[in-house]
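# Examining the three-dimensional arrangement
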Amino acid sequence: MNLRLNQLLIAVLAGGLMGVSGVYGQTHNESAHAHEESKSAITGSEQHGSSAGHDKDEHDEEGHDEQGSHEPHKAEDDKVGTEHAEDEGHADHGNEESEGGHSESASAVLSPEQMTLAGVEVTTLTAEPVDYQIYAPGEILSNGYTTYRVSPRVASVVMRRHVALGDHVKKNQPLVTLFSESVAQAQAEYRTALPEWRRVQQLGRKTVGEQRYISAKANFEATRATLLAYGLSNSDLESLASQQPKALGEYTLRAEIDGAVLSDDFEQGQRIEAGAPLITLADEGKLWVQAHLPADLSLTLGAGTTAEVVAGGVRIDATVSQEAHTIDPVTRTRVVRLLVDNTAHRLHPGQFAEVFFRFRTKEPVLAVPETALMRGADGDWTVYVEDHPGEFLPKEVDLGRALGPLREIKGVRPASRVVTKGAFFVASQIAKGGFDPHNH
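Residues numbered from 1 in each chain as written. Predicted model: local features only at pLDDT ≥ 70, side-chain atom pairs only at ≥ 80, totals over all residues. Heavy atoms only, no water.

Spatial strand order, β8-β7-β5-β10: four strands in an open sheet with antiparallel pairing. Sheet topology places β8 (250-254) and β10 (271-272) at the edges, where each strand pairs with a single neighbour. Note: strand β5 (residues 156-161) against strand β7 (residues 174-179), four bridges, orientation antiparallel. For Arg161, the partnering residue across the bridge sits in β7 and is Val176. (Pairing = 2+ DSSP bridges. Helix = DSSP H or I, 4+ residues; strand = E, 2+ residues; numbered from the N terminus.)

Relative to the helices and strands, Thr223 is located in helix α6 (residues 210-230). When the C-alpha atoms of Thr223 and Ala186 are compared, they prove to be 6.2 Å apart, with 37 residues separating the residues in sequence. In this view, Thr223 contacts Glu189, Tyr190 and Ala193; residues no more than four positions away in its chain are not counted. (Contact = heavy atoms within 4.5 Å.)

On to the packing of aromatic side chains, then. If you walk through the whole model with that rule in mind, you get six aromatic pairs. Both rings, one in Tyr132 and one in Phe359, keep their centres 5.5 Å apart while their planes meet at 25°; by these two values the pair is stacked. With Tyr132 in strand β3 (residues 131-142) and Phe359 in strand β16 (residues 352-360), this residue pair connects regions lying 227 residues apart in the sequence. For Phe359, a relative accessible area of 17% puts it in the buried group. Among the aromatic residues, ring-to-ring pairing joins Tyr190, Trp197, Tyr213 and Phe220 into one connected group. In this structure, Arg161 packs its charged tip against the face of Phe266, placed 4.1 Å from the ring centre. Lying over the aromatic face of Trp288, Arg337 brings its terminal NZ or CZ to 3.7 Å of the ring centre. (Phe/Tyr/Trp six-rings, centres within 6.5 Å; stacked < 30°, edge-to-face > 60°. Buried < 20%, exposed > 50% of the residue type's maximum accessible area, 1.4 Å probe, protein only. Lys NZ or Arg CZ within 6 Å of the ring centre and 35° of its normal.)

Where helix α4 (residues 181-203) contacts α6, the two axes come as close as 8 Å, and the packing angle between them is 145°. In this structure, α4 crosses over α6, and the sense of that crossing is left-handed. Contact residues: Ser182, Val183, Ala186, Gln187, Glu189, Tyr190, Ala193, Leu194, Glu196, Trp197, Arg199 and Val200 in α4; Arg212, Tyr213, Ala216, Lys217, Asn219, Phe220, Thr223, Arg224, Thr226, Leu227 and Tyr230 in α6. Split into classes, the residues belonging to the contact of α4 with α6 amount to 12 nonpolar, five polar and six charged. (Axes fitted to C-alpha atoms, helices over the stretch in contact; angles between N-to-C directions. Left-handed = near helix turned anticlockwise from the far one by under 90°. Nonpolar A, V, L, I, M, F, W, Y, C, P; charged D, E, K, R; others polar.)

One finds Leu175, Tyr190, Leu278, Ile279 and Leu281 to be the most contacted residues of the largest nonpolar core, which totals 34 residues. Contributing elements (two or more residues each) for this core: β7, α4, α6, α7 (234-241), β8 and β11 (279-282). The biggest single contributor to this core is α4, with seven residues. Not counting residues up to four positions away in its chain, the partners in contact with Tyr190 are Pro195, Phe220, Thr223, Arg224, Leu227, Leu237, Leu240 and Ala241. Within the second largest apolar cluster, 29 residues are counted, among which are Val130, Ala136, Leu293 and Val336. (Core = buried A, V, L, I, M, F, W, Y, C linked by side-chain atoms within 4.5 Å.)

In this sheet, β10 lies alongside β5 in antiparallel orientation, the contact comprising two bridges. Note that in β10 the partner of Ser156 across the bridge is Ile272.

On to unusual backbone geometry. At His345, a position not held by glycine, the phi torsion is positive, near 55°. Positionally, His345 belongs in the loop between β15 (333-341) and β16. Positive phi, normally seen in glycine, also occurs at Ala415, with a value near 75°. Note that Ala415 resides in the loop between β22 (406-410) and β23 (417-421). The class for Ala415 is exposed, based on a relative accessible area of 54%.

The antiparallel open sheet is built from three strands, whose spatial order is β17-β22-β21. Whereas interior strands pair on both sides, the edge strands pair on one side only; in this sheet they are β17 (367-369) and β21 (398-403). Averaged over all adjacent pairs, the angle separating strand axes in this sheet is 35°, with direction ignored. Where β17 lies against β22, three bridges are found, and the strand directions are antiparallel. By the bridge assignment for β22, Val368 is matched with Arg407.

Below, the structure written as structure tokens:
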């Protein structure tokens, strides 16, 4: 300051008033500038002090808030944290929905009255061996191994019938009398050959010679064999050998087995060619049941497999006797033949039948009725599991074997309570209540 005054005095002395004024103005400006800098410095210091004090006051206030109002802040923080967790939960839930294809939270809550009215039934699943049946349509057939077809072995004309359709006959009982020119010729030759053979036998081989003996024997045996081949019996040959007057050419066909007449499609006076069927006899004590199963059914039915046959209101047990290894070209089905005891004659060939094959699973399985299975929104098979009393959640399952009216399922824990009846109603309730702001 003194330095500035000294300079001012020197300037006045050296340059006069104008110089003094100029220097004074400059000096005044510089002093003002220095004053402003000093003021700015003081102001900055005050502001710094004020700011520090303000920060301290805020810190004190925060400390006071933390000490005096700690619980409100904690409650607010908990609320914020809860909302954040809920937001994350909603986000994760949305991811689960997009990955799983459906909302696990979709459920139906039903009151006991609703369940009763809708017929909803819930069953606790237990893993256990299952007895089940497989159905197949069938037909009662005569036993082809014990059936006998009566037919002429040479062209003949029907003279008389001795039995009718449905009659039960005994072995050697007359069935039908025929006439044939070929039989007449063979009978005449037999009548000639038989006396010659008897005469040669009486004279002996040495007397008649070897040639005559062999010839007579051969002729007799040939004519006799021809008549037997035509269907004549030993009793017919004995009658023919008696040389009693009898029309040649007539012969009678007799029953070869005990059985029932299943068919007799002929008329008296009709000419029947050799091999054409006249009468069919069958032993109805043992009949066949021919069952037709789907060709693609993976099932092994060995001999002895049991089944139940239902025909005409009659239920009777049967056993598998044969399983065809080819597919029926007409029905495109797999044929299984069963043997049934029909000694009571309650079944008859030609009847339609229902066949139920009996099985039992080797291992315990979880199985539900077909009524428990529903298609989910994504097309997968679903059952409805009771999570809480009256609350049902959809659960996707994988299907296993068909066990008659039941179906093996996988993907559900044992002891789960599953809707076995009324699943459609539960599904409709979930569909009606399955929309919310989160697209659940």
